[in-house]
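# Residue-level structural notes
One letter stands for each residue in the lines below.
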Amino acid sequence: MDIPWHDIRSVAVLTGAGISAESGVPTFRGEDGLWRTYRAEDLATPDAFCRDPHLVWEWYDWRRGLIAGCRPNAAHRTLAHMERRFDDWTLITQNVDGLHQLAGSRSVVELHGSIWRMRCTQECQTPWEDRTVPLSMAGGALPRCPNCGSLARPDVVWFGESLPGEALTAALAAAQRCQVMLVVGTSAVVQPAASLPLVALRRGAYVVEINPQPTPLSDTAHEVIREPAASALPRWWQTWQRRVTVG
Ligand code: OAD
Ligand code: ZN
């Protein structure tokens, strides 16, 4: 890397489902990625919700219950700790599980929304937080908008939908100005998130991938750590700090 380690001021991080894997949250494209016989691509779409809102809500209810029992791991905690050490720090996540916030990360750019928020399908009011687990869907009752009574939906981004504008703008800006980008636990195949490391690379950032499996990014990243995040990330951060103190 051209810049001395102690001169690094601007860091961006992109995380995906893999960072929460060791907390017990299943990844989407891993072996345990299926619910019943469905893939995420079959359920996380506006069409699927339109066709069978009950099925889609059942899936989200199951995931909410599962995530509610999960705690942040050492990788989440390391990122929360690192946030305090940099003037310009942006944690961009594709995860909807809220584990970064639970680990103490203060500012998190949620590219794909949050499983802990709902919103009105008629968009009559701003999304609201609802952490009820499990949801009471007895007799086919589905979550409703408290304001107008319309069907509610998870405040997450589904396939075919655009990302929240503010989050995407913040993520792009961070990718453009960061000196170092960490890419942790993402298969790097879902756009536009997958292009953020490429933006950073093009702008001359030093890009580090942490993932036990190869991804389309692996060949171009400056450093690839083929290990689970909960052990690799704390160690990588220790090495960084040692480099800084040694000079
Ligand atoms: P994926 O399930 O596609 O990829 C998870 C990645 O994590 C894989 O590359 C694994 O090799 C890696 N992985 C597994 N265990 C790991 C560990 N312990 N440490 C580090 N990495 C590990 O998940 P995402 O890339 O997050 O979108 O998927 C992107 C988006 O596709 C999701 O946000 C979701 C999904 O459909 C929406 O819901 C809109
Ligand atoms: Zn409403």
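A brief structural summary. (Residues numbered from 1 in each chain as written. Chains lettered and ligands numbered in written order. Predicted model: local features only at pLDDT ≥ 70, side-chain atom pairs only at ≥ 80, totals over all residues. Heavy atoms only, no water.)

With respect to the element layout, Trp89 can be found in strand β2 (residues 88-93). Put simply, Trp89 and Leu43 are 46 residues apart on the chain and 33 Å apart in space, counted from C-alpha to C-alpha. (Helix = DSSP H or I, 4+ residues; strand = E, 2+ residues; numbered from the N terminus.)

Only Cys120 (SG), Cys124 (SG), Cys145 (SG) and Cys148 (SG) from the protein coordinate the zinc ion (ligand 2), and they sit 2.3 Å from it. The site at the zinc ion (ligand 2) holds four donor atoms, and with the angles between them running 100 to 117°, its shape is tetrahedral. Along the chain, the residues that donate to the zinc ion (ligand 2) are spaced as C-x3-C-x20-C-x2-C. Of this pair, Cys124 sits in the loop between β4 (113-120) and β5 (128-129) while Cys148 sits in the loop between β5 and β6 (152-156), placing them 24 residues apart in sequence. Looking at Cys124, the relative accessible area reads 33%, which means it is partly exposed. (Donors = N, O, S within 2.8 Å, 3.2 Å for Na, K, Ca; no water. Tetrahedral: all angles 85-135°; square planar, octahedral: opposite > 155°, others 65-115°. Buried < 20%, exposed > 50% of the residue type's maximum accessible area, 1.4 Å probe, protein only.)

Attention now moves to the pairing of strand β1 (residues 10-15). In terms of residue burial, β1 counts as a mostly covered element, since six of its six residues are buried. Burial of β1 is two-sided: the residues Ser10, Ala12 and Leu14 facing one way and the residues Val11, Val13 and Thr15 facing the other way are all buried. Note that β1 and β2 share six bridges and pair parallel. The residue of β2 that forms the bridge with Val13 is Leu91. Two strands pair when backbone bridges link them, and β1 and strand β7 (residues 180-184) are joined in this way by five bridges, in the parallel orientation. (Pairing = 2+ DSSP bridges.)

Moving on, we get to the site of ligand 1. Residues in close proximity to ligand 1 total 21 residues, the closest being Phe28, Arg29, Thr186, Ser187 and Asn211. Within the side chain of Ser187, one N or O atom sits 2.6 Å away from an oxygen atom of ligand 1. Between ligand 1 and the protein, one listed contact pairs a nitrogen atom with a backbone N or O atom of Ala229 at 2.9 Å. In isolation ligand 1 exposes 790 Å². Once the protein is present, 90% of that is buried. Per-class residue counts for the shell around ligand 1 are nine nonpolar, ten polar and two charged. When we break the shell around ligand 1 down by domain, the ones giving at least three residues each are domain 1 (1-24 + 72-112 + 163-247) and domain 2 (26-69 + 115-156). (Near = heavy atom within 4 Å. Polar contact = N/O pair within 3.5 Å; in protein donor to acceptor, adjacent residues only side chain to side chain. Areas by Shrake-Rupley, 256 points an atom, 1.4 Å probe, with all protein chains shown as cover. Nonpolar A, V, L, I, M, F, W, Y, C, P; charged D, E, K, R; others polar. Domains from an automatic or database assignment.)

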